[in-house]
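Residues per chain are reported as follows:
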Amino acid sequence: SMINGAEETEPCRIEQARFVVKLVDEILADDPDADVLVIGDINATQDRPPVTIFTNGTTLGSQLKILNLYPSLSDQYTYIYEGNAQYLDYIFATPHFMRTFRSTQVAHINAGYPHARAEDCEIMHQSSDHDPLIARFAFVKPVDGDLSGDGTISAYDAALILQYVVGLRDSFPVNLLNSPSGIAP
């Protein structure tokens, strides 16, 4: 919340961001390929520390990607304060999770509407002061022989295997193998 003003509340939001980054770091320490999303009302523009702590640090948990960084022109706000549209809500993802990411959009169902008044049931009112974000992902089921992880067996997958067989690769690309039964080199 920025009830007492952005300058006064920013130190608290910075500490909250650092705490969440620490949690993500703990998850990634156990599994560097973990699929982690951090979603929420950060109450800061993308150039302020509560946001940059998630994206510009030195630890894995502070090198997240902002999924909703380039919304369409009609989606460039999630909050309106005194007539000024602002983008204060974010979806962050670990780099490994980015392989499933497809798109985001803002559901403009709150910020542009009046605050709720119990006596006026005919006008749509806010359920929150921020608009929610929507993210789309495509999760593919692992397929035997799919080295690229895109859910298909393609010429690219065959090329990776062939490169190993003819000696262009020193090692079999096991790290790319997305198959439950596996392929032995």
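Structure report, in brief. Keep in mind it's a predicted model, so treat the numbers as computed, not measured.

What follows concerns the overall build of the protein chain. For the protein chain, the helix and strand inventory stands at 3 helices and 7 strands. When contacts within the protein chain are restricted to residue pairs at least 6 apart in sequence, long-range pairs at least 24 apart make up 61% of them. Working note: accessible area of the protein chain is about 11,400 Å², and carbon and sulfur atoms make up 56% of it.

A few words on the sheet that holds strand β2 (residues 65-66). Judged by pairing direction, the sheet is antiparallel, and its 3 strands sit side by side in the order β1-β5-β2 without closing on themselves. A strand with exactly one partner marks an edge of an open sheet, and here the two such strands are β1 (37-41) and β2. Here 5 bridges tie β1 to strand β5 (residues 89-93), and the two strands are oriented antiparallel to one another. Within β5, the position partnered with L37 by the bridge is A93.

This structure, assessed with the given rule, holds 6 aromatic pairs. With a centroid separation of 4.6 Å and an interplanar angle of 25 degrees, the aromatic rings of F54 and F92 are classed as stacked. With F54 in helix α2 (residues 49-55) and F92 in strand β5, this residue pair connects regions lying 38 residues apart in the sequence. Judged by relative accessible area, F92 falls into the buried class, the value being 0%. Aromatic ring contacts, followed pair by pair, group F54, Y87, Y90 and F92 into a single cluster.

Bringing the environment of R18 into the picture now. Within the fold, R18 resides in helix α1 (residues 6-30). For R18 and S62, which are 44 residues apart along the polypeptide, the C-alpha to C-alpha distance reads 8.6 Å.

The subject of this paragraph is unusual backbone geometry. Although it is not a glycine, N43 adopts a positive phi angle of roughly 55 degrees. As for its position among the elements, N43 is in the loop between β1 and α2. Here N43 falls in the buried class, since its relative accessible area comes to 8%. Not every positive phi belongs to a glycine, and E82 is a case in point at roughly 50 degrees.

This next bit is on the environment of R13. On the secondary structure map, R13 appears in helix α1. Polar side-chain contacts of R13 include one of 2.6 Å to the backbone oxygen of N43.

Our next topic: a negative patch on the surface. Among the surface-exposed residues, E26, D30, D31 and D33 lie close enough to one another that they form a single negatively charged patch. You can see D30 is positioned in helix α1. For D30, a relative accessible area of 72% translates into the label exposed.

With that out of the way, let us pick up the nonpolar core. In terms of nonpolar packing, the biggest core is built from 19 residues, with I42, V51, F54, Y90 and F92 touching the most fellow members. Mapped onto this core, the elements with two or more residues apiece are α1, α2 and β5. For this core, the element with the highest residue contribution is α1, accounting for 5 residues. Once residues within four sequence positions are removed from consideration, F92 is found in contact with V36, L37, V38, I42, V51, F54, T55, L64, K65 and I66. Core analysis: the next-biggest nonpolar cluster, separate from the first, contains 5 residues, L67, I91, A93 and F97 among them.

What counts, and where the lines are drawn
- Residues numbered from 1 in each chain as written.
- Predicted model: local features only at pLDDT ≥ 70, side-chain atom pairs only at ≥ 80, totals over all residues.
- Heavy atoms only, no water.
- Helix = DSSP H or I, 4+ residues; strand = E, 2+ residues; numbered from the N terminus.
- Contact = heavy atoms within 4.5 Å.
- Areas by Shrake-Rupley, 256 points an atom, 1.4 Å probe, with all protein chains shown as cover.
- Pairing = 2+ DSSP bridges.
- Phe/Tyr/Trp six-rings, centres within 6.5 Å; stacked < 30°, edge-to-face > 60°.
- Buried < 20%, exposed > 50% of the residue type's maximum accessible area, 1.4 Å probe, protein only.
- Polar contact = N/O pair within 3.5 Å; in protein donor to acceptor, adjacent residues only side chain to side chain.
- Patch = residues over 30% accessible without salt bridge, like charges linked within 9 Å, V, L, I, M, F, W, Y side chains within 5 Å.
- Salt bridge = Lys/Arg side-chain N within 4 Å of Asp/Glu carboxyl O.
- Lys, Arg positive; Asp, Glu negative; His and termini not counted.
- Charge placed at Lys NZ, Arg CZ, Asp CG, Glu CD.
- Core = buried A, V, L, I, M, F, W, Y, C linked by side-chain atoms within 4.5 Å.

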